[in-house]
Amino acid sequence: MSRGETWLAALSGNAPRLPGYPASVQVADVETAGRAARLIAVVPDAASPFPRARQGEVGLLEGWSLARAVHDAVAADRDRPVKRAIVAVVDTPSQAYGRREEAFGIHQALASAAAAYATARLQGHPVIALLVGKAMSGAFLAHGYQANRILALRDPGVQVHAMGKEAAARITLRSVEDLEAFAATVPPMAYDLNNYATLGLLWRTVAVQEAAAPTAQDLAAVQGQLAEALADIDADPQRDLRGRQQGQNRSATRQARALLASQWQDRD
């Protein structure tokens, strides 16, 4: 099993998956820290009708299905004072690149998933992304990036980037080794969590012994961090993502936004 499938099974106690979704999208309704929660993961499906989406990539079926899973939770909780948590278990190597995907509108499918997560967050659902493997490219943007809080396992197999190393090397006309050396001095180009954390996007990391096959202690540690993330979200009146601008390597972002705000206000 992939890391995403393994962790969803562990966190859900092997609860039944909700029916009606493709094999590559697993959804389970459970209770986390005394609160109803919907766990969602994208997993490999070797039998997918879209060859580009057979290794856990987020493609057409996955994008629309993620959107449905989130929107259904929002609709079901519309009149409930306490909204269920939505936990995106993230292990996605890429979006599904391919001619068919482009022709059939993969940009719309992934945008619908991202919009669904943002809608849930703005409607009062605590949304948490748990990075257990790779969080790459448009796949992460569609599945997890819109979360109130992003957690990650402290493990070398957990990587975050806009592009896989081999693809990035081809685009930049570098070898993978040259790219890694370059990334060591430019945090946004790095893949490791320490550099990613400096961008202000990562809320917390969780130390585990076996990221690919969690022990009982690993599961307890992650469950404890999920509970703390839920409490932190509930205590935060803001439902936007402005807190991400406070990272140590985001000073230019803060300055640019301040200048834009002042210029916009000067127009009034």
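Provided above is the structure to which this section pertains.
Because the structure is predicted, anything quoted here is derived from the model rather than measured.

Definitions and cut-offs
Residues numbered from 1 in each chain as written. Predicted model: local features only at pLDDT ≥ 70, side-chain atom pairs only at ≥ 80, totals over all residues. Heavy atoms only, no water. Helix = DSSP H or I, 4+ residues; strand = E, 2+ residues; numbered from the N terminus. Buried < 20%, exposed > 50% of the residue type's maximum accessible area, 1.4 Å probe, protein only. Pairing = 2+ DSSP bridges. Right-handed = clockwise from strand over helix to strand, strands pointing away. Axes fitted to C-alpha atoms, helices over the stretch in contact; angles between N-to-C directions. Parallel < 35°, antiparallel > 145°, perpendicular 65-115°, else oblique. Contact = heavy atoms within 4.5 Å. Nonpolar A, V, L, I, M, F, W, Y, C, P; charged D, E, K, R; others polar. Left-handed = near helix turned anticlockwise from the far one by under 90°.

**Comments concerning unusual backbone geometry**
So, point 1. Its identity is not glycine, yet Ala33 carries a phi of approximately 55 degrees, on the positive side.
So, point 2. For Ala33, the location among the structural elements is in the loop between β1 (25–32) and β2 (35–42).
So, point 3. Residue classification places Ala33 among the exposed positions, given a relative accessible area of 54%.
So, point 4. One non-glycine residue, Ser137, adopts positive backbone phi at about 55 degrees.
So, point 5. Along the polypeptide, Ser137 turns up in helix α5 (residues 137–142).

**Considering the pairing of strand β5 (residues 149–154)**
So, point 1. For β5, the tally of buried residues reaches five of six residues, placing the bulk of the element in the interior.
So, point 2. Here four bridges tie strand β4 (residues 127–136) to β5, and the two strands are oriented parallel to one another. Across the sheet, the residue bridging to Ile128 is Arg149, located in β5.
So, point 3. Handedness of the β-α-β unit built from β4, α5 and β5 comes out right-handed.
So, point 4. With four bridges joining them, β5 and strand β7 (residues 204–207) adopt parallel strand pairing. Looking across to β7, one finds that Arg154 is bridged to Ala207.

**Some remarks on the packing of helix α1 (residues 3–12) against helix α9 (residues 216–234)**
So, point 1. Relative orientation of the contacting elements α1 and α9 amounts to 75 degrees, with a least axis distance of 11 Å. Between α1 and α9, the angle is such that the two are roughly perpendicular. Contacts between α1 and α9 involve Trp7, Ala10 and Leu11 from the former and Asp218, Leu219, Val222, Gln223 and Leu226 from the latter.
So, point 2. Considered class by class, the residues forming the contact of α1 with α9 number six nonpolar, one polar and one charged.

**Here's the deal with the packing of helix α2 (residues 60–76) against helix α4 (residues 106–122)**
So, point 1. Running from N to C, α2 and α4 point in directions that differ by 20 degrees, and their axes come no closer than 8 Å. The orientation of α2 with respect to α4, classified from their angle, is roughly parallel. The element α2 and its partner α4 pack so that their crossing is left-handed. Taken together, the residues of α4 that come into contact with α2 (itself represented by Leu60, Gly63, Trp64, Leu66, Ala67, Val70, His71 and Val74) are Ile106, Gln108, Ala109, Leu110, Ser112, Ala113, Ala116, Tyr117, Thr119 and Ala120.
So, point 2. Classifying every residue of the contact of α2 with α4 by side-chain character gives 13 nonpolar, five polar and no charged.

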